[in-house]
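# A structural walkthrough
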Amino acid sequence: MKTYKTLLIVVMIISSNLFSQQKRARAHGIVIGVLKPGKNNAITDVEGVKVGHTTLIEGDNIRTGVTAILPHQDNIFQLKVPSAIYIGNGFGKLAGYSQVKELGNIETPIILTNTLSVPVASDALITYTLGLPGNENVRSVNSVVGETNDGWLNDIRGRHVKQKHVLSAIQNASDGMVKEGNVGAGTGTICFGYKGGIGTASRVLPASAGGYTVGVLVQTNFGGILEIDGVPIGKELERLPKYSIYEADGSCMIVVITDAPLSSRNLERVAKRAMLGLAKTGGIASNGSGDYVIALSTAKNNLIPYKTESSFNEINVLRNQHTTPIFMATIEATEEAIVNSLFAAETMAGSDGHIIESIPIQIIMELIKKYNKIKKQ
């Protein structure tokens, strides 16, 4: 009977994921922050950015996947992107950190997956990069791969992610709306004891602040005491962490992309602010959490050519005093992206009969109304 119930839930979840998407926070009237989102309220609102997923849901035990983020559509190795990585808490396996820290740029798409699939994802990125026209003589590739541990719902020891899954995520990447929840690298993740996943959001600054767009994508798999737009949901529902590995501990990968012309130094400052967005949702960056922020600037005139006859990079970057609105946009978009990951996720059954429920949206909305937080669109 237990096996039958598990299989039934899995069938329902797969069918739901194929044909529908849960409403996002804004569709319920939850408006986080004061800045306006972009057209899709997604990281893809930054021009040129694409996102692709490969989702692996097989049998009773495989609940994992890959998410690929492409900052621009040209050969990224030949046109590198200014970037920075900030470590909120370093209990993780982020590949490619040291070269980004040293040189201030990335040269591959960003891949998110599960903890034990970082090596194969890195290998796939090398395969992808070496195979691009113009890279025939390339002998060094710094692949950037982030992860969270989905081992409660997924047979993580089986290492089911293969090169083909990573390459597929890159190849099917697109702009526009981004699938959220139980997809890609978020297929088997858990957040605040509920089903987590992939979430995204964006903010567009007013013209007076430069008119720049900031987009955020998250892979949520962490714990703490849930808050939504300042409402103490976890406290109200008495969902306090028991400090087991799947409630207090965990990880969160955060990718921030902006078209604002920022240096790697100021991108690191932006990345630090994303952790404030995580904190506003009740995340605590616990001892066992791998919380990393990758921040990039896609300002077209500031991309870094692999080879050039000039000895100088001729770029224009924002002065320090003009970065504050971008900091604010990053905090707001990170907070909303995390909340969206929860609203989009659905109950999932997985490895060893484990079942993780989605957030109780109806109860949460009643609490938010109690705190007078519902806003007109």
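All values reported here derive from a predicted model rather than from experimental measurement.

## A word on the side chain of asparagine 221
- Assignment of secondary structure puts asparagine 221 in strand β10 (residues 213-221).
- Here isoleucine 190 takes part through its backbone nitrogen, which lies 2.7 Å from a polar atom of the side chain of asparagine 221.
- In this view, asparagine 221 contacts Thr148, Asn149, Asp150, Thr189, Ile190, Asp249, Gly250 and Ser251; residues no more than four positions away in its chain are not counted.

## Digging into helix α4 (residues 163-171)
- Along α4, the residues that are buried comprise His165, Val166, Leu167, Ala169 and Ile170.
- Looking at the buried residues of α4, the elements they touch are β1 (50-58), β2 (62-70), β5 (110-114) and α3 (118-130).

## Overview of the confidence of the model for the protein chain
- Averaged over the protein chain, the pLDDT score is 92; the fraction of residues at 70 or greater is 92%.
- Scored below 50 in pLDDT, residues 1-20 makes 18 contacts in the model with residues more than four places away or belonging to other chains.

## A look at the sheet that holds strand β6 (residues 144-148)
- Overall, mixed pairing links the four strands, which are arranged β1-β2-β5-β6 in an open sheet. The open sheet is flanked by β1 and β6, the only strands paired with a single partner. Direction aside, neighbouring strands of the sheet carry axes that sit 15° apart on average.
- Looking at chain direction, β2 and β5 are connected through three bridges and run antiparallel. Its bridge partner being in β5, alanine 68 is matched across the sheet by isoleucine 111.

## Quick look at the environment of alanine 299
- Within the secondary structure, alanine 299 is located in the loop between β12 (289-297) and β13 (304-305).
- Look at alanine 299 and you get buried, because its relative accessible area is 11%.
- A sequence separation of 253 residues divides alanine 299 from valine 46, and the C-alpha atoms of the two residues are 9.9 Å apart.

So, how was this worked out
Residues numbered from 1 in each chain as written. Predicted model: local features only at pLDDT ≥ 70, side-chain atom pairs only at ≥ 80, totals over all residues. Heavy atoms only, no water. Helix = DSSP H or I, 4+ residues; strand = E, 2+ residues; numbered from the N terminus. Polar contact = N/O pair within 3.5 Å; in protein donor to acceptor, adjacent residues only side chain to side chain. Contact = heavy atoms within 4.5 Å. Buried < 20%, exposed > 50% of the residue type's maximum accessible area, 1.4 Å probe, protein only. pLDDT = per-residue confidence, 0-100. Pairing = 2+ DSSP bridges. Axes fitted to C-alpha atoms, helices over the stretch in contact; angles between N-to-C directions.

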